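What the coordinates show
Now for the letters of each chain:
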Amino acid sequence: MVVKETDRIQDPWGARTPYGPGAPWPTRADTHLASGLTEDDVDRWVPSASLLHSNGDAMDIAVRDGRIVGVRGRSGDRVNRGRLGPKDLYGWQANHSPDRLTRPLVREGGRLVETDWDTALDRIVARSRELLEEQGPGALGFYTTGQLFLEEYYTLAVLAHAGIGTNHLDGNTRLCTATAGEALKETFGCDGQPGSYEDIDHADTIALFGHNMAETQTVLWARVLDRLAGPEPPTLLCVDPRRTHVAGHAHLHLAPRPGTNVALLNALLHEIIRTDRVDRAYVEQHTVGFEELAAATEACTPKWAADICDVPAADIERAAEILGGAERLLSTVLQGVYQSHQATAAAVQVNNLHLIRGMLGRPGCGLLQMNGQPSAENTRECGADGDLPGFRNWQNDTHVADLARIWNVTPESIPHYAPPTHAMQIFRNAEQGSIRMLWITGTNPAVSLPELSRIRAILAQERLFVVVQDLFLTETAQLADVVLPAATWGEKTGVLTNADRTVHLSEKAVDPPGEARADLDIFLAYAARMDFRDKDGGPLITWHDPESAFAAWQRCSAGRPCDYTGLSYDRLRESGVQWPCTAEAPDGTPRLYTDGIAFAHPDTCESYGKDLVTGASVEPVEYRSLNPDGKAVIKAAEYLPPHEEASAEYPLQLITGRTVYHFHTRTKTGRAPELNAAAPDVWAELSPSEASRQGLSDGDLVQVTTPRGTVRARLRTTVMRDGTVFLPFHYGYWDTPEGHRPPDGGAGRAANETTVTDWDPVSKQPLFKTAAARVTLVARRGTGTDATASEATGAEATGAEATGTDGGSRT
């Protein structure tokens, strides 16, 4: 089935291709070319995969006269079977934006001015050497993105860990996927998604926990819609405080009070155990900790949870029946869990549901702790999130020695004296003055981190030397000392690995604009100028291009859970392949844990786990005592109230999230005309009854205020929980007169002006969904500036101003 010029703004998911359980997902080839062009006008097609979401949709880039002119989905690929979402179809236009950075910039006299690459790199190298001599490696920090290629992450990890010798390396994946990785490590001893997207084809029950799949992964949601439209559709359970498009299709929708996910999940576990829906043989053979879970949830009845979550007890009981009665259960988890109170504890309880039901390792029995960014999986594999590359355990001296052997350095030169420094602590160290240089690659913390007034103040410090490597002069770049122009998707070559471990190759289709360089080339140039050496005096980094960097990574991944040794660029030009891919598994591995829990043994595991309340690392001897045979760990969690709750002054709970048309801080999607027109400005959502109580109506200009700041937005009433207000987090200031901040003394546009500086104790992921807030009227609709936001939204609209579809997100 070929689909070309349909309106994918009004219909983000496209035409249905129904199919039944166990059947292959039918193909549907989506294409979008520049106006007036047909496929006959295309000079060549270059293989790639999506960069504007985490699904990993395979596509070909259309090139004409050395310029990108469109995309088409690749029908033979396992992930999307030819489908593309709105951000894929239209987002490529940002590559041509006239405000791309084309030359390096340095700060002179308080202003950023153009310079040449030698001057910019010499300035960075001089400051690096000065700090290393004066203060040591702890004075340098690196903060990266979830959108680079594997080869770039691995190179960054090597130069930071073994070259500089710093522990201060993390990615903005800390904001979206840190809890996914941590939850998998807590349960299975190692990162790596157990399930596969193909489990949608086989499942009889699909449960989405805090995962607005319709907006975050439109093509994956199309797969679910096609199953729902076919024979023997799966039962769909949705847990979300808003009535999203997903909730509208669900057989049961639970809308818990924000911050109460652990209470809800404990009640579901209670009911499954009480009704004896436990696979006792699986639990006995493959897990430890079940008795502790049963005891911890014994008092967590549906009525107990109903009082905490404000969800009817009967609905909780019904949800437990659905989960307990499933024969092939697929569960997915995303930001509604990861960015909420007790994030890791809640995600681990979803793992527990699958363990006690024995729902792993078989078609349809899948667990996907989802990612929010296209190469978030690569940050974790390669160590660009601060962990050791190859899912090695920083507490295991044998693992450190093995990595030192691969890099030909001494184990002592690899920092492993303490846990890796997470992003929120990196910025705190910069605030306190121990970090004096911060290199920020492909991310925009001046919009994406919590409590933005604080983040801007940190980045603006005279004593902090800030390097920003990006495509555009973002809000963060405007505060930098050196700005390096980077190439992006379509302008460089490398590997992207998606949320179900599918590896795709994205090849260079066109040259970057001006003097912009690939991130890999920038890192290699820095490493060469710093003259990083191994223990024998040879170059630390021995590779010189993407393919040789990939080969270096293969050597690092060999024998580890994320083994890439069976892959090659030539192989990946054909289609995506799931790791581990080895000589023994040459076609990749659809599902993990098909024959027991493979990576949890004390000698193998990536992590010994953490305390779910304090985040303190479990000691090796304790883990060996608990889990000597390397089984999955069933880990109970007690519900604890959120740190910031509603009050008389701030009676609402604020949650933030995505829209289907934008990705992160809109630096790319805001420059794609169709996407920008669909959602040009920020809005706020309240339930109709909540709006009525405050005398507010659709289209009114309102202020959302928390103890940290204020956002001004147009109001939409939508079907969602009373007592809750929603803001999309994409909007900053690069396309406003102010440039990188709110108007002086005025309300902001960025949702993170209001969010709290707090994080999960285990994953260290910031909590964007637990702030206390109030909403007040600024002006009635039709008065003052009419800045009504797009009509299409992820929650079910009720007012006259929201009559579009239910469609719902480079930093």
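Scroll up to find the structure this text is about.
One structure accompanies this document, and this report is about it. (Residues numbered from 1 in each chain as written. Predicted model: local features only at pLDDT ≥ 70, side-chain atom pairs only at ≥ 80, totals over all residues. Heavy atoms only, no water.)

For the protein, the count of helices and strands is 25 helices and 28 strands. For 811 residues, the compact-globule estimate of 2.2 N^0.38 gives 28 Å, and the protein sits close to it at 25 Å. Projecting the C-alpha coordinates of the protein onto the three principal axes gives extents of approximately 70 × 65 × 60 Å. A total accessible area of about 24800 Å² is found for the protein, and carbon and sulfur atoms account for 48% of it. Side-chain charges of the protein comprise 77 positive and 108 negative groups, with the mean position of each set lying 2 Å from the other. (Helix = DSSP H or I, 4+ residues; strand = E, 2+ residues; numbered from the N terminus. Rg over C-alpha atoms; globule rule 2.2 N^0.38 Å. Areas by Shrake-Rupley, 256 points an atom, 1.4 Å probe, with all protein chains shown as cover. Lys, Arg positive; Asp, Glu negative; His and termini not counted. Charge placed at Lys NZ, Arg CZ, Asp CG, Glu CD.)

What follows covers the sheet that holds strand E19 (residues 494-497). Taking strand neighbours across the sheet as the criterion, the three strands line up as E19-E20-E21 in an open arrangement whose pairing is antiparallel. Lying at the two open borders of the sheet, with one neighbouring strand each, are E19 and strand E21 (577-578). Bridge count between strand E20 (residues 502-506) and E21: two bridges; the pairing is antiparallel. Counted as the bridge partner of Thr502 is Gln578 from E21. (Pairing = 2+ DSSP bridges.)

Take the packing of helix H8 (residues 261-274) against helix H12 (residues 313-325) next. One way to put it is that H8 packs onto H12 with a least axis distance of 9 Å and a crossing angle of 60°. In terms of their interaxial angle, H8 and H12 are classed as oblique. Of the two possible hands of crossing, H8 and H12 adopt the one that is right-handed. Between H8 and H12, the contacting residues are Leu264, Ala267, Leu268, Glu271 and Ile272 on the first element and Ile316, Glu317, Ala319, Ala320, Leu323 and Gly324 on the second. Its residues placed into classes, the contact of H8 with H12 shows eight nonpolar, one polar and two charged. (Axes fitted to C-alpha atoms, helices over the stretch in contact; angles between N-to-C directions. Parallel < 35°, antiparallel > 145°, perpendicular 65-115°, else oblique. Left-handed = near helix turned anticlockwise from the far one by under 90°. Contact = heavy atoms within 4.5 Å. Nonpolar A, V, L, I, M, F, W, Y, C, P; charged D, E, K, R; others polar.)

This part covers the pairing of strand E18 (residues 482-485). Of the two faces of E18, the one holding Val482 and Leu484 and the one holding Val483 and Pro485 are both buried throughout. Direction of pairing for strand E6 (residues 105-108) relative to E18: antiparallel, over a ladder of two bridges. Residue Val106 lies in a different strand from E18, and its bridge partner there is Val482. The sheet contact formed by strand E17 (residues 465-470) and E18 spans four bridges and is parallel. By the bridge assignment for E18, Gln469 is matched with Leu484. (Buried < 20%, exposed > 50% of the residue type's maximum accessible area, 1.4 Å probe, protein only.)

Read from one edge to the other, the open sheet built from five strands follows the order E12-E11-E10-E14-E15, with strand pairing classed as parallel. Each edge of the open sheet carries a strand with a single partner, namely strand E12 (252-254) and strand E15 (366-369). Mean inter-strand twist for the sheet, computed between neighbouring axes without regard to direction, equals 10°. Pairing between strand E10 (residues 205-209) and strand E14 (residues 329-333): five bridges, direction parallel. Within E14, the residue paired with Ile206 across the bridge is Leu330.

Take the packing of aromatic side chains next. Aromatic ring pairs are reported here in terms of the distance separating the ring centres and the angle at which the planes meet. Here the structure, examined in full by the defined rule, presents 15 aromatic pairs. Ring geometry for Trp439 against Tyr526: centres 4.8 Å apart, planes inclined by 80°, an arrangement best described as edge-to-face. Placement of the pair is Trp439 in strand E16 (residues 437-441) and Tyr526 in helix H20 (residues 519-530), with a sequence separation of 87 residues. Accessibility classification places Trp439 together with Tyr526 in one group, the buried group. The rings of Tyr154, Trp543, Phe550, Trp553, Tyr564 and Tyr569 are connected pair by pair, giving a single aromatic cluster. Over the face of the ring belonging to Trp45 we find Arg72, whose NZ or CZ atom lies 3.9 Å from the ring centre. (Phe/Tyr/Trp six-rings, centres within 6.5 Å; stacked < 30°, edge-to-face > 60°. Lys NZ or Arg CZ within 6 Å of the ring centre and 35° of its normal.)

Here the structure, examined in full by the defined rule, presents 55 salt bridges. Lys492 is paired through a salt bridge with Glu152; the nearest N and O atoms lie 3.1 Å apart. Of the two residues, Lys492 sits in the loop between E18 and E19 while Glu152 sits in helix H3 (residues 150-164), which places them 340 residues apart along the sequence. A relative accessible area of 2% places Glu152 in the buried class. Here Asp700 and Arg780 are joined by a salt bridge, their closest N and O atoms 2.8 Å apart. Residue Asp700 is found in the loop between helix H25 (688-693) and strand E25 (701-706), and its partner Arg780 is found in the segment after strand E28 (771-779); the two are separated by 80 residues along the sequence. (Salt bridge = Lys/Arg side-chain N within 4 Å of Asp/Glu carboxyl O.)

A few words now on unusual backbone geometry. Of note, the amide linkage connecting Trp579 to Pro580 takes the cis form, showing an omega dihedral of -5°. By secondary structure assignment, the location of Pro580 is in the loop between E21 and helix H23 (620-626). A positive phi angle, close to 50°, is found at Arg81, a residue other than glycine. Mapped onto the elements, Arg81 comes out in the loop between strand E5 (67-73) and helix H1 (86-91). Residue class for Arg81 comes out partly exposed when judged on its relative accessible area of 23%. Backbone geometry places Glu451, a non-glycine residue, at a positive phi of 50°.

A few words on the environment of Leu169. Of note, Leu169 is situated in strand E9 (residues 169-171). The exposure class of Leu169 is buried, given its relative accessible area of 0%. The sequence separation of Leu169 and Gly138 amounts to 31 residues, and the corresponding C-alpha distance is 10 Å. For Leu169, the residues in contact, after removing those within four places along its chain, are Phe142, Leu156, Ala157, Ala160, His161, Gly383, Ala384, Asp385, Gly386, Thr421 and Ile426.

Ranked by internal contacts, the top residues of the largest apolar core, which has 164 residues, are Ile124, Phe209, Ile356, Trp439 and Tyr526. Top element by residues in this core is H3. It accounts for ten residues. What Trp439 contacts, discounting residues up to four positions off in sequence, is Ile124, Gly141, Phe142, Tyr143, Val467, Gln469, Leu484, Ile522, Phe523 and Tyr526. Within the second largest apolar cluster, 48 residues are counted, among which are Trp92, Leu675, Leu696 and Val704. (Core = buried A, V, L, I, M, F, W, Y, C linked by side-chain atoms within 4.5 Å.)

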